[in-house]
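# Structural description and commentary
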Amino acid sequence: MIDVELKILDPRLGDSIPLPQAATAGSAGMDLRAALEQPLTLSPGESALVPSGMAIHIGDPGWCALIVPRSGLGHKHGLVMGNLVGVIDADYQGPLMISCWNRGTQPYTIGVGERVAQLLLVPVAEARLKIVDEFVPSQRGDGGFGSTGKH
Ligand SMILES: O=c1ccn([C@H]2C[C@H](O)[C@@H](COP(=O)(O)OP(=O)(O)OP(=O)(O)O)O2)c(=O)[nH]1
């Protein structure tokens, strides 16, 4: 559990538009809502930056946040993230924006306050890159795509 600072940028947040919330006690993500002034229709293939109405500051560089699609919206309606996955750096303090992309075949209208994505806090490991001439042999070695067979 970590504390994440949250700044409300849109006064409707926490009032007519609920704050991000995990849908159930076991939910990995907190749903993010579209702090739009009016409904926004995305044509097939169209994307738009949708404000979340807030900023967060994670602070601890051992963590970051990811903005990822809600499965139902993505699968049934094609509404996913234009950047596929949004990475929120621990030191970012600006407005949290949600890149919404209608990858489907029908127009999709995002309602004001609709839950359009989810935010996950994930641990980040700091890596030291060590230059080597040869790797210590491993079971996979340099076998790439499909190298373990079909089944
Ligand atoms: O879906 C997203 C993705 C990113 N951000 C914010 C937080 C993140 O810390 C910052 C920069 O994102 P990123 O590093 O992915 O962007 P970049 O295009 O690589 O630009 P930069 O040069 O700012 O790193 O933008 C969002 O608000 N929503």
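Conventions adopted
- Residues numbered from 1 in each chain as written.
- Predicted model: local features only at pLDDT ≥ 70, side-chain atom pairs only at ≥ 80, totals over all residues.
- Heavy atoms only, no water.
- Near = heavy atom within 4 Å.
- Polar contact = N/O pair within 3.5 Å; in protein donor to acceptor, adjacent residues only side chain to side chain.
- Areas by Shrake-Rupley, 256 points an atom, 1.4 Å probe, with all protein chains shown as cover.
- Helix = DSSP H or I, 4+ residues; strand = E, 2+ residues; numbered from the N terminus.
- Core = buried A, V, L, I, M, F, W, Y, C linked by side-chain atoms within 4.5 Å.
- Buried < 20%, exposed > 50% of the residue type's maximum accessible area, 1.4 Å probe, protein only.
- Contact = heavy atoms within 4.5 Å.
- UniProt positions renumbered as here; feature names shortened; annotations may be inferred.
- Pairing = 2+ DSSP bridges.
- Axes fitted to C-alpha atoms, helices over the stretch in contact; angles between N-to-C directions.

Around the ligand sit I67, N83, G86, V87, I88, D89, Y92, P95, L96 and M97, and those are all the residues in its vicinity. Within the contact set of the ligand, an oxygen atom lies 2.6 Å away from a side-chain nitrogen or oxygen of D89. Between a nitrogen atom of the ligand and a main-chain N or O atom of M97, the distance comes to 2.8 Å. Contact with the protein chains covers 49% of the free accessible surface of the ligand, which is 570 Å². When contributions to the shell around the ligand are tallied by element, the ones reaching two or more residues are β7 (86-88) and β8 (95-102).

With that settled, the discussion passes to the nonpolar core. Among the nonpolar cores identified, the biggest contains 27 residues, and I67, I98, C100 and I110 are the most heavily contacted of them. Counting only elements with at least two residues in this core, the list comes to β4 (47-57), β5 (63-69), β6 (79-81), β8, β9 (108-110) and β10 (115-123). Excluding residues that lie within four positions of it along the chain, C100 makes contacts with L42, E46, S47, A48, V50, L79, V80, M81, G82, I110 and V116.

Right, let's get into the UniProt feature "domain: dUTPase-like" (unreviewed entry) in the protein chain. UniProt feature "domain: dUTPase-like" (unreviewed entry): in the numbering of this structure it lies at residues 16-149. For residues 16-149, helix accounts for 5% and strand for 38%, while the C-alpha atoms at its two ends are 53 Å apart.

All right, on to the sheet that holds β4 then. What holds strands together in a sheet is hydrogen bonding between their backbones, with the strands either parallel or antiparallel. Read across the open sheet, the four strands follow the order β1-β4-β8-β6; overall the sheet is antiparallel. Here the strands that pair on one side only, and so sit at the sheet edges, are β1 (5-8) and β6. Neighbour-to-neighbour, the strand axes of this sheet turn through a mean angle of 45°, independent of strand direction. Pairing between β6 and β8: three bridges, direction antiparallel. In the sheet register, V80 faces β8, and the bridge partner there is W101.

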